[in-house]
Every structure is written in C-alpha cells, then in structure tokens.
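# Topology and contacts: notes
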Amino acid sequence: MSKEQKYWKFHGGVHPEFHKKESTTRPIATLKLPKRLIIPIQQHIGAIPELLVKKGDYVFKGQMIAQMHKDQLGSTLHAPSSGTIASIEKHSIPHPSTLEDLCIELILDGQDDWGDCQLEAIKDFEQCDNTKLLERIENAGLVGLGGAAFPSFVKVNSSVKQGIETLVINAAECEPYITCDDLLMRERADEIIDGIRILIKLLNPKQCLIGIEDNKPEAIAAIQQASKSFDKIQVCAIPTLYPSGGEKQLIKILTGKEVAVGGIALDLGILCHNVATCCAMYKAIVKGEPLISRIVTITGDGVKQPKNIEALIGTPVSDLVAQAGGYTSKAQRLIMGGPMMGITLSNDNTPMVKASNCFLVASTASLQQAHSIHASQAQMPCIRCGKCMQACPAKLLPQQLYWHTQAKDFERVAEHKLNSCIECGCCDFVCPSHIPLVSYFRFAKSEIRAQEKLLEKSNLSRKRHEFLEFRKAREKQERDEKRRKHKEALQKKKAAMAAKKAANGGTSANDPKADAIKAALARVKAKKIAREAQVKSGH
Amino acid sequence: MEFETDSSPFTGSTSNIASIMRQVLYALIPGIAVMFFFYGWGVLINIILAIVIALSFEVISLWLRKRPIKPFLSDYSAVVTACLFALTIPPLAPWWILMVGLFFAIVIAKHLYGGLGYNPFNPAMIGFAVLIVSFPLQMTQWIQPHFMDGYLPSLLESLHIVFNGFEVFYNLDQWDAMTMATPLDDVKIELKAGHYFSEIMQTRPYGLVSGKAWEWISLSYLIGGLWLLYKGIINWRIPVSLLFALAMTATIFGWIEPDTHPSSLFHLFSGATMLGAFFIATDPVSASTTPRGQLFYGASIGFFIYVIRTWGNYPDAVAFSVLIMNMSVPMIDYFTQPRVFGAKSEKKS
C-alpha cells in the first residue's frame, strides 16, 4: 500500500550526522553462545518480578526464571539459554543511575537446550482466541524494544479494553548510529508484518501506519513488499529529522494529533509499538519463543567491524564487541543507545538488556560533528539566541528554563513546563555556547520531584495532624454528649420516681414490687408447709 | 575495559558565539563601506578607535572580575558592541566621546551586570544614550557628506581633528559650516518652522525618500540585515515587526495629516532605523526571546521610534526605544510563552 499520505510536521528537530552506513553493510550476525550471561531481574518499567530460581539451579532455555504478580505493572523473565545459575547478586547494569542491581549470573552449558520449556507454537493466530494471544504476550515477557521497555501486555491489554482507531508502528529509528530496526526490516519483513497482523487481530484498528524515516529505502521497500496484500497496513516514508522516532512526535507526523501533556497515546485512540516489538510478538506467538534475544547494533569507530548482532539477553558487552571484531585504538566512550539520548557505561562487563538497541563505542572526536574545530570549546554564557527554542520538539523555551534553573527558581522552571521536556538533546546539540542544557534540565526535574515529594509529605502530615485534632475534638464531644444524656436519663428517672411516690401518697400498697415479694414469700411458705407434710407422711 | 562516563547528548553543533558575532561583523561591511564613502576617514577612525577602547575596557573588566580573559576576548562580542556604537557616533567626534560612551557600554552596561549574556540593556545603546544626553552638541554635529561641498578631511587631518579638536584647522564658524544636522533633525526643524513635508523634500538637498547619504546607508544596512536573516543568525520577527510598526504608524499619521508628517519611507530610510532593526534590536541578550514576544518587542520599538522622533527632543529615537523595550523584556517573555507540545489550546489563566 503506497497511497498518497499526508504528513504533519512537529516543531523543531535537528539533523545530526546519522552514521548509519557503518553498521548496515553487514547482515545480522548471530552471536555464538557466550560462556555466561548476566541477567538483570528488572529490565522493564514497573515492579520487580519475583524470582523463581535459586543459586545452583539448572535452567532450560526459555524457562521462566522470574514472574510478575498479577495486576502488577511488570514483565516476566526467561532463561535465554540452558545452564546453571552461578550466583544471584548485585552487578552493574546499563542504567543512567550507574547503580548496581540484582542480576542472575547464568553459566551456560553450551547445549542451548529448550527442555520442554518452549511454548506452544500458535501458527494459525488468525483463528486463535484473543485471550490466549494476550496471555501469551504476557507470559512471553514482551516489553517495548525501542528503548523504554514498557511491558507490552499492559499496553496491548488496555488498548483491547478501550479500543483503538490507529495502530502506529514506530520504525523511524531517528537516533544516529542505530540500525537494528533497519536491518530487522530488511531481513525479516515478513515476521514483522505477521507480528503487526497479530496486533491488528487483537485490536481491530481502522488503519495501521508504519513510520519509517526516508533514509532507510531498503527497509521501506522490504516492508512495502511484505505488507502488499494487507489493506489496513500502510507504509509511511517520513522525512528524516531527529527526533521523529519519539512516540509523540511520530504520532504527530502520521496523524496530526498531539498527545496531551501528561496524557498517553491511547487517549487519542492510538497504540504505538516499536517495530522490533512486533517481531518479538511474532516469535512469541508463532514460534513459541519468549523474549530471550534481540538484535543489537554494535557500532562506532571504536569497534573494528560495526554490525548488527542477534544476541541473547544478558550477553556482556565485551562478548558483543569481540563478535564485532574487537576494539580499535579509538574506543574512548561506551554508550548504550545513540549519541543524542544514550547513556554511557563505565565498563564492558555490563550486560545487554531487553531495552538495549545499540552499543556505540566511539572516540570523543568522532562524536562531535565533523569540521567542528570549536566544538571542544569551553562552555560560554547563554546569549539567548533562541536556537534551542527553534530546535525544541516540545516547543519549550530552553533558554528561559536554563536561566531559571541557574537561579534555582524551580517554581518558574515548572511554570515553563519543564515536565514536557523529553530530554531529546536537540537544544544541547544546537547551543552555540555549548551549554549542557539537558543535564541542567535533568537536575531541575529531580529537584522539582524532590520538592514535590517534600510538599506531599508535609501535606500528608498536616492532614494527619488535622485529622488527629478533629478526632480528639469529636471524641470529646461524643463523651460529653454521652455524659449529658446519661445525666438526663438519670434525672428523668429520679423525677419520675419522685412523682410516683407523691402520687401514691407515700404508701407502697399497690407497689408491684412489694406484691411480688409478698407472693414469693407466700409461695416459699406454702412449699415449706408442703415439704413438712410430706416428711411427716413419709415416716 | 573501563570507560569514562558522561551525560547525553554526546554530539554537538559546530556553531559558537564567536562565529555568530563574526557574521554580524561581516554583515556590517556594506554599511561601513557606504558610510566611509560619504563621510570619509572619520568613520573608520571611529570604528578602529572604538574597537581598541572596547577591548581594553573588556580586558580590564574581566581582569577585575577575575574571569578568564582569552575565551571572552575571542568571542567578538565587544568588537560588535564597539562597531555598532561607533556607527552611531558622528564621524570626527572627539576621541573622549568614544571613551566615555564605551566606558558606559562595556564597563557599566555589560560587566557590572555580569558580562556577556547577562546585560539587560543593549550596551551600545546605553553608551549612545549617555552621550546624547550629556554631550548633545558633539553628538549632533555630523560632517557634511562629501557630495555636498566636495571636500572631506584627509586621513591625517581627520586624526588631528579627532585627537586635537577641530580648532587645529578651523574656527568655530568654519566648523559649523562644515557640519550639519542629520535629515531627521533637519526635517523636524523645518516642520516646526511651518514648512510642509513635501516642500522640505523638494527644497532641501535630499535624495529620493530621505537624506541623500542616509538613504544609501540605510539600504546597505538593509542588505547586511537580509544577509543575516539568510544565514539564520537573526530571526525575521523583530526586524519585520519593527519596520512594519514604524511604517504603519507613519502611514496612519501621514494619512491624517500628510503635510506635517514625514512619509513612512522617510522614516524607514532615515537615521538608525535599518541599523536598529537588523543589528541593534536583534541583539539576542537584551531582546525578547519568545516568538510572540519578539513580535511585540519589535513592533513596540517601531512605534516608540515614531513617537520619540515626532514628539521628542532628540534627533533620533532608536536608542531610547530599544532601551525602553529592553526593560520590558522579562515581563514580555513571561507572558508570551508559547503553547507547549500537547498543551490544551485554551488560554492559560
């Protein structure tokens, strides 16, 4: 399907050097089994799953090793290959916090043995029950492979419940250097389309738009070929402009709609999924393989043979680099993700995770733009030139945000809508004063969050205190009320008795109590007499 | 293997402040060339002297403020300030005029407020404003353009005049004869004298729409400004809104009373209108920075230029209009924040 499609523009954006060619010359390689895997237990947005294995356990390939509780946001985890669990302890993970987290160290036996852990292959998904498909998506540990690692089941399930109009497939891949989606589309277009068809079956949207930046003509052609016979699927070759692969930006480009501040795509009747996630969905359902591997780009002038590798989750970066020919002398920075939004890693012992789309090993010089003699120049004061504002895809005023952040006037920063900042790095990229704006904004965001938490806490304790005071007052009032009623009742009784006494003229002749006593006495007497008589007659 | 860590993004652009400032200087070249053609060596002496003085003040200020000297000296911002300032000073003005003006521009307006990027007011205009208030005589004596009497002092003579005063060569009457008010001033005086604008245009030695020299100078600034727009150094909003507002105001008043109000073309091509629109009001540090704010800022300057030129007592109005609006920038910026992506289109309360 290549109907004339109208595209909208989002504000700003930049054209960094894309460096895609380096890693697209070679086909996707399959990594030979590494000796060990380091599998972080939490690789997704949400809660920490519950471990199902312990140290010393033997696990099969595809065996579930960590599970989510029902109704919790999160995802399950499977052993990527067979072997023995050597340890479960803290290890460095690829996370911006640079903190360590709990990881399963799995020593592989080289058998790559599924045991009986492979899931049932659902070849004919078109005839399959939706509940079963959803269950599979949940059990296969699928998360968004674009980088955010949001649990796919939660996203799909809420879309099924609410119903959507448009399914957007994000294949823009706008970050420089990264080509894993590009190669995936070139080589496995049919699998991707099958994955998309599964989503279409589940959601029954009116249309499905696949957004691919037009710097990937091979991928566009492959997907177009594969989707030819499906009317709902439409391939959209969008202009190359960073960050068109941002979910909100892509939705704007393809549909002209803006996801509201603080809202999600579903509010507009749109579900957006990454193209690699669709392929993983295909694998999970049609092949019965949970998410245990993904395609990752190893690139940059710091590796000898930049390429894309299909590797097991948990493979240490050093193994991936070895597969890409090893380091060159220029290896100065190790970045997970791209040069605009990636995070640097301090060592290559770190494992790849479900969210790892690229490892970029590069010299600092190559990361700077070519011909840039001044790029290494020191930071200068902001001259309010407004280049950042022109580049900002969120339509913010980075120059003002920076000004107020510097003054630590976080209230003003919040007023300037810092929470809409997606940290895409465009402002930083264009700044002629070379101010690390995104770093300032991250700092401001964390400060604002801290302040909000503090405010929340003090609000809560104020509420608690107020409730305590209220309760004390209420109890006192209740006590007083009770006491008053009691007193009143007593007084009434007394008054009634006094009135009665007065009415009976002080005598108790008709007093029922006295009569009763008399009657009882008479009964006792009669009984006594009767007993005595019995005793006598018995003798 | 261990790696250094850092925070994204890791890649950056090629532009820097120095390159921006250099482009501004290049864009001034046509204007400077035309001014040199009409007013002779005094123009270049002003510029060179201003650059030397400005850089000296810059170095001293940086040194006193214990700031690194090299990066700030090589950012060309002081050179741009010096050039813009020099172009507003009459050629052959005494050297100390430049000295006093640049002291206020660089030391007071720029460094006392925190240096590059922190000055709320346009430094060159502060220098100019101080001078026009303090030394109105020296600041209004523009030498006659060379086509008027065909004579301009030579380089040596010019240097003598600048450093030792015109008295070296001329007596006061001769000097008075050599200098004249700018067309802006001249028209104002003539209008006050009861002449009609159309009459003035015909009887005075003017060009097509304004002073013979000034319309060419303005045109060359316009060309330089368009080049800056083309290069993306400045944004269209401030210059366009400024020129539009000035032209519209002039047109409206001209329509009400054409005889006593100069035409809009006269306003656009007189005095510092073009220099102000493209080079001074667009100084990013002291200008409004939001899209809507820039429109308002530019239009207000254009309006004030007309008001001060028409009813004020000063020969030109760009400096004061720019300074007035500089003051309002924080407020303008606050109230003209653009709608962020995904925000409701309703007006914010």
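Read on for an overview of the structure.

### Some details on the overall build of chain B
If you tally the helices and strands in chain B, you get 18 helices and two strands. Against the 2.2 N^0.38 benchmark of 20 Å for 349 residues, chain B shows a C-alpha radius of gyration of 22 Å, consistent with a compact globule. Judged by the C-alpha coordinates and their principal axes, chain B covers about 80 × 50 × 30 Å. Sequence-distant contacts, at least 24 apart, represent 75% of the contacts inside chain B between residues at least 6 apart.

### As for the pairing of strand E11 (residues 233-238) of chain A
All names here are of chain A. E11 sits mainly inside the fold: five of its six residues count as buried. Note that strand E10 (residues 207-213) and E11 share six bridges and pair parallel. Bridge pairing in E11 links cysteine 208 to isoleucine 233. Crossover connection from E10 via helix H5 (residues 217-227) to parallel E11: handedness right-handed.

### Thoughts on the interface of chain B and chain A
Taken together, the contacts link 45 residues of chain B with 68 residues of chain A. Counting the surface lost from both chain B and chain A, the interface buries some 4800 Å², and carbon and sulfur atoms represent 56% of this. The largest share of the area that chain B buries against chain A comes from B:Phe3, B:Phe10 and B:Phe341, three residues that together contribute 18% of it. One salt bridge in this structure joins B:Asp6 and A:Arg333, with 3.5 Å as the shortest N-O distance. Here chain B and chain A share 25 residue pairs in polar contact (both at pLDDT 80 or more) between them. For the side of chain B that touches chain A, the secondary-structure elements that each account for two or more residues are helix H1 (17-39), helix H3 (69-73) and helix H18 (318-335) of chain B. Taken together, the residues of the side of chain B that touches chain A break down into 21 nonpolar, 17 polar and seven charged.

### Brief notes about the packing of aromatic side chains
Residues and elements named next belong to chain A. Considering all chains together, one arrives at 25 aromatic pairs over all chains under this definition. Here phenylalanine 410 and phenylalanine 443 contribute two aromatic rings whose centre-to-centre distance is 5.9 Å and whose plane-to-plane angle is 65 degrees, an arrangement assigned as edge-to-face. Here the residue phenylalanine 410 occupies a position in helix H12 (residues 410-415), and phenylalanine 443 occupies one in helix H14 (residues 437-503), the gap between them amounting to 33 residues. Given the relative accessible area of 6%, phenylalanine 410 is considered buried. Ring centres of phenylalanine 467 and phenylalanine 470 lie 6.1 Å apart, and the angle between their planes is 40 degrees; on these two criteria the pair is classed as tilted.

### Details of the environment of A:Leu345
Here A:Leu345 is to be found in the loop between strand E16 (343-344) and strand E17 (358-362). In this structure A:Leu345 comes out as buried when scored by relative accessible area, which is 4%. As for A:Leu345 and A:Thr98, which are separated by 247 residues in sequence, their C-alpha atoms are 7.7 Å apart. Dropping the residues within four chain positions of it, A:Leu345 is found in contact with A:Pro94, A:Val317, A:Leu334, A:Met336, A:Thr350, A:Phe359, B:Phe3, B:Glu4 and B:Thr5.

### So, the environment of B:Leu112
All names here are of chain B. Position of leucine 112 among the secondary structure elements: in the loop between helix H5 (95-111) and helix H6 (123-134). The class of leucine 112 is exposed, set by a relative accessible area of 63%. Along the backbone, leucine 112 and serine 61 are 51 residues apart, and their C-alpha atoms lie at a distance of 8.6 Å.

### As for the side chain of A:His91
All names here are of chain A. Positionally, histidine 91 belongs in strand E7 (residues 83-92). On the basis of relative accessible area, histidine 91 is assigned to the buried category, the value being 15%. When near neighbours in sequence (up to four residues on either side) are disregarded, histidine 91 contacts Ile38, Glu100, Asp101, Cys103, Asn349 and Pro351.

### Digging into a nonpolar patch on the surface
Residues and elements named next belong to chain B. Taken together, the side chains of Trp41, Trp95, Trp96, Met99, Leu155, Leu156, Leu159 and Phe163 define a hydrophobic patch exposed on the protein surface, amounting to about 710 Å² of accessible area. Residue assignment for the nonpolar patch shows that the elements contributing at least two residues are H5 and helix H9 (155-164). Here the nonpolar patch takes four residues from H9, the largest share from any one element. Looking at the secondary structure, you find tryptophan 41 in helix H2 (residues 41-64).

### Structural notes on the sheet that holds strand E3 (residues 50-51) of chain A
All names here are of chain A. Read from one edge of the open sheet, three strands run E3-E5-E6, paired in antiparallel fashion. Looking along the sheet, the strands with just one partner apiece sit at the ends: E3 and strand E6 (77-78). Pairing between E3 and strand E5 (residues 64-67): two bridges, direction antiparallel. For leucine 51, the partnering residue across the bridge sits in E5 and is alanine 66.

Cut-offs used in this document
Residues numbered from 1 in each chain as written. Chains lettered and ligands numbered in written order. Predicted model: local features only at pLDDT ≥ 70, side-chain atom pairs only at ≥ 80, totals over all residues. Heavy atoms only, no water. Helix = DSSP H or I, 4+ residues; strand = E, 2+ residues; numbered from the N terminus. Rg over C-alpha atoms; globule rule 2.2 N^0.38 Å. Contact = heavy atoms within 4.5 Å. Buried < 20%, exposed > 50% of the residue type's maximum accessible area, 1.4 Å probe, protein only. Pairing = 2+ DSSP bridges. Right-handed = clockwise from strand over helix to strand, strands pointing away. Buried area = accessible area lost by both parts, 1.4 Å probe. Salt bridge = Lys/Arg side-chain N within 4 Å of Asp/Glu carboxyl O. Polar contact = N/O pair within 3.5 Å; in protein donor to acceptor, adjacent residues only side chain to side chain. Nonpolar A, V, L, I, M, F, W, Y, C, P; charged D, E, K, R; others polar. Phe/Tyr/Trp six-rings, centres within 6.5 Å; stacked < 30°, edge-to-face > 60°. Patch = residues over 30% accessible without salt bridge, like charges linked within 9 Å, V, L, I, M, F, W, Y side chains within 5 Å. Areas by Shrake-Rupley, 256 points an atom, 1.4 Å probe, with all protein chains shown as cover.

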